[in-house]
Amino acid sequence: MKHIGLLLLLVAASVTAHEKVRLDAGWEFAFGNASSQERDFGCGTEYFTYLTKAGSIHNAGPYSPQFKAEGWKKVDLPHDWVVDLPFAREASHSHGYKTVGYRYPETSVGWYRKTFTIPAADEGKHIWVRFDGIFRDARVWVNGFYLGHEPSGYATQVYDLSEYLNYGGENLLTVRADASVEEGWFYEGAGIYRHVWLEKAHPVHVAPFGTFVHTQLRGKADVTVETKVRNASALPASYALRFTLTGPDGQKVAACTTDARSLKAKEEGTSTAAMAVDEPLLWSPEHPYLYTLTTEVLCEGEVVDTSETKVGIRDARFDPDRGFLLNGERVELKGVNMHQDHPGVGSAIPDELQVYRLMQLKKLGVNAYRSSHNPMTPEMLDACDSLGILVLEENRLMGINEEHVRLLRRMIERDRNHPCIILWSVGNEEWALEWNDKGRKLAESMREYCHRLDPSRPMCVATSSGPNIVVPADVAGYNYMMQNPIDEHRANYPLRSAVGTEETTGCGTRGVYYPEPGRMPALNREPDRDGKLNRIERGWQFYDARPWLGGLFFWTGFDYRGEPNPLEFPATGSEFGILDYCGFPKDEAWYLKAWWTQEPVLHILPHWNLEGHEGEKVSIWVYGNCDEVALSVNGKSLGRKKMPRGGHLEWNAVYRPGKVVAKGYKGGRCVMTEVVETAGPAARLAVESETIGNLTVCNVKVLDGKGRFVPTACVPLQITVDGEARILGGGNGDPAFRAAERPADSSARIFTLSSFNGLSQFLLQGAGPLSVKILQ
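Residues numbered from 1 in each chain as written. Predicted model: local features only at pLDDT ≥ 70, side-chain atom pairs only at ≥ 80, totals over all residues. Heavy atoms only, no water.

**With respect to the layout of surface pockets**
Put simply, the rule reads: Here a cavity denotes a set of grid points, spaced 1 Å apart and computed over the protein atoms alone, in which a 1.4 Å probe fits but from which it cannot get out, and a pocket denotes an open set meeting protein on both sides within 12 Å along at least five of seven lines; residues with an atom within 4 Å of a point are reported as lining. Grid points are joined across faces, edges and corners, and a volume is the space filled by probe spheres set on the points. Helix and strand assignments come from DSSP, with helices taken as H or I runs of at least 4 residues and strands as E runs of at least 2, each series counted from the N terminus. Charged residues are taken to be Asp, Glu, Lys and Arg, nonpolar residues to be Ala, Val, Leu, Ile, Met, Phe, Trp, Tyr, Cys and Pro, and polar residues to be all remaining types, Gly included.
In this structure, the largest pocket occupies an estimated 1300 Å³ of space. Pro585, Trp590, Lys701, Phe709 and Leu759 are, among the 48 residues lining the largest pocket, the residues nearest its centre. Of all the secondary-structure elements, those providing two or more residues to the lining of the largest pocket are helix H2 (351-362), helix H8 (587-596), strand S30 (602-605), strand S36 (669-677), strand S37 (684-692) and strand S38 (695-703). A class-by-class count of the residues in the lining of the largest pocket yields 25 nonpolar, ten polar and 13 charged. The calculated volume of the second largest pocket comes to roughly 890 Å³. In terms of lining residues, the second largest pocket is bounded by 28 residues, among which Lys20, Arg130, Phe209, Glu308 and Thr309 are the most central. For the lining of the second largest pocket, the secondary-structure elements that each account for two or more residues are strand S5 (126-131), strand S10 (196-201), strand S11 (204-218), strand S18 (302-311), helix H3 (378-387) and helix H4 (402-415).

In structure tokens form, the structure reads like this:
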């Protein structure tokens, strides 16, 4: 008790508040050099390098407080420096032909510096910094002291700072990121592309990601809390925990405590407690109820640390005969795969834009999200929790040594409290492992690590065709029904659950129906190798007809930069998204909306501005969920047809400018009419803005003189903002886009961007008036 009393005397009462502060604003940035240490600000060339001696006494590089960062650029985080780099035919195909990677040493290393003040009153607190994502191969210093190294661009990094800080003075954080080596086969950006957090707490506190809440439903909900507490001081201490669970309405619904436990200096210990909720509100996509668990750490009866954890009470499991069950009811996963980039910001997606992207998917009936092929941004998971999106979260790289297991552990321990997560994936399409016993053994070992870290959820692994790797999986993940004998696997492994981890959409470029350089028409309108049209329809019908499968995840929800297969430069982005890169819907989006929602849908394709194809035969398709559809072209009736379940309708016509009219019938009565007309030249704009928090997404539609949408308009547009508004960037959904995505000067009030096939998008931060015009 003598030691504990001394400890409490050393720590001011004010440290009972656990502070968490964003360190996103006011960084300095400059390019280093991957091929020359001399041109990399001399990093590692000193007589005593940062690996030789602790501290900056002999060092003069960017990590030294004495370094003069002259000419460095001011940036705020999240930041992706690749957004501003040019495109080049010789650059990486998989990463969207941006000039980053081993061929470009001058633009593949980035340095960041951030000066911050620590009050003198903070001495005695435990202080650490958390980086949610740095791409990649990051090295971190504070006040010239080397803190550590993380090769992966997708791992959260935590570094203790307390012993290195200048209390009552300025401090310097320095980060070096090296994107020379690609970690994925898709656009990954580069830099500190996720948030940075400074945290301050009492020396006896809940460890980072130290709380694990899991529930079991038996009429009431049994809530178990496992909490890791850290004693960061140089003296022994004892603690007890007090837990309070409040409902979505803020009212207390349960509470419990733990007995006191002693910790040695620098020791961590885990305490477990349980409580019950008699009439729980269950989390689901329709009702994403969230509780709040407040954890208080008590030393000698005084609260010294407080933390909060969002909790969703639900029962999620996979069944080999019924598919996916949520709270005892079968739920069909209507999912999409997603990468993490967006026009104008690259991989540094603002939190509000994460929400916007999810909301566009929800409009189509999407209820599930696969994080292809890496752990997600924490704020994305928060959004999925609150919006009711089910998540399959995926590990970056398979393996069973320290480096691989460490990354798996970081993902699971960080994210296992999110109710949205229903399944961990340990890997994707590992071609060297799918067909042999090595794959089976690795998947088996990683399964056991998953179960140890989180016994409340199953794991899966995704195979492109090989059967061995999915044998030990709790849930088999099938990438593409045309490559996997799924029904044969069902016969051979009747007790194994399964889900479609990837299925093709067959999409192409929005608004393109004939081949163009860097763009392609949807593959759906041409027969596949099985002779069938409409791949998205084939995939949904296959999974919908097999209730023992948990559902599927289409490839992909949004277009993404990089991997523009089967095309090459000048194509710079993938075109298989149901929505384009900006989130504008393609034709196939209406197919899913017709069969994944209850909203009435009637959609005609193609558009009727097919200049240069006059007199040619055109196949007109209709997506919808009416019982029957009647079609007329330029006043001539082409007949009325029944809509097949999960299908589409087709008519043939000869293209001449004019009008296509579809009428949808339910119960014999016309309930919907859809009209597509040949539009004239671009004449004016329709601007729709949606504000979420501090972000405004400004979508611009090009109209003709009669107010009709011009689906082929590619015209220069100029946005002007005023007040507190700042232009983050923009795009237009063109997969062959190669122009600037944001102003060179972040304070610019004007930005010019062309529309693509009638649409464009601007991203703004802050409030203020705006105007958009067509440049003549």
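Next comes the rest of the account.
**Some remarks on the pairing of strand S14 (residues 252-257)**
What counts here: Paired strands are those between which DSSP finds at least two bridges.
Of the pairings in the sheet, the one linking strand S13 (residues 237-246) to S14 comprises five bridges and is antiparallel in character. Note that in S14 the partner of Arg242 across the bridge is Thr257. Linking two consecutive strands that pair antiparallel, namely S13 and S14, is a turn of five residues; a positive phi of about 85° is found at Gly250 within it.

**A word on the pattern of salt bridges**
Our working definition: Just to be clear on terms, a salt bridge is a Lys or Arg side-chain nitrogen sitting within 4 Å of an Asp or Glu carboxyl oxygen. Any residue under 20% of the maximum accessible area for its type is buried, any over 50% is exposed, and the rest in between are partly exposed; the area is computed with a 1.4 Å probe on protein chains only.
Summed over all chains, the structure comprises 47 salt bridges. The salt bridge partner of Arg742 is Asp84, with a shortest N-O separation of 2.9 Å. Of this pair, Arg742 sits in the loop between strand S40 (726-731) and strand S41 (750-754) while Asp84 sits in the loop between strand S3 (73-75) and strand S4 (109-118), placing them 658 residues apart in sequence. Judged by relative accessible area, which is 37%, Asp84 ranks as partly exposed. When salt bridges that share partners are traced, they join Glu150, Glu402, Glu403, Arg406 and Arg410 into one network.

**Remarks on the environment of Leu649**
Where we set the bar: Contacts are assigned to residue pairs that have any heavy atoms within 4.5 Å of one another.
Among the secondary structure elements, Leu649 is positioned in strand S34 (residues 649-654). When the C-alpha positions of Leu649 and Val622 are compared, they lie 5.2 Å apart, and in sequence the two are 27 residues distant. Not counting residues within four places of it along the chain, the set of residues in contact with Leu649 comprises Ile620, Trp621, Val622, Val629, Lys641, Lys642, Met643 and Pro644.

**Observations regarding helix H7 (residues 535-544)**
Most of H7 sits out of view: eight of its ten residues are buried. Looking at H7, one finds that the buried residues are Arg535, Ile536, Glu537, Arg538, Gly539, Trp540, Phe542 and Tyr543. Its buried side turned inward, H7 meets strand S22 (333-338), strand S27 (475-479), helix H6 (486-492), strand S28 (497-504), strand S29 (549-555) and H8.

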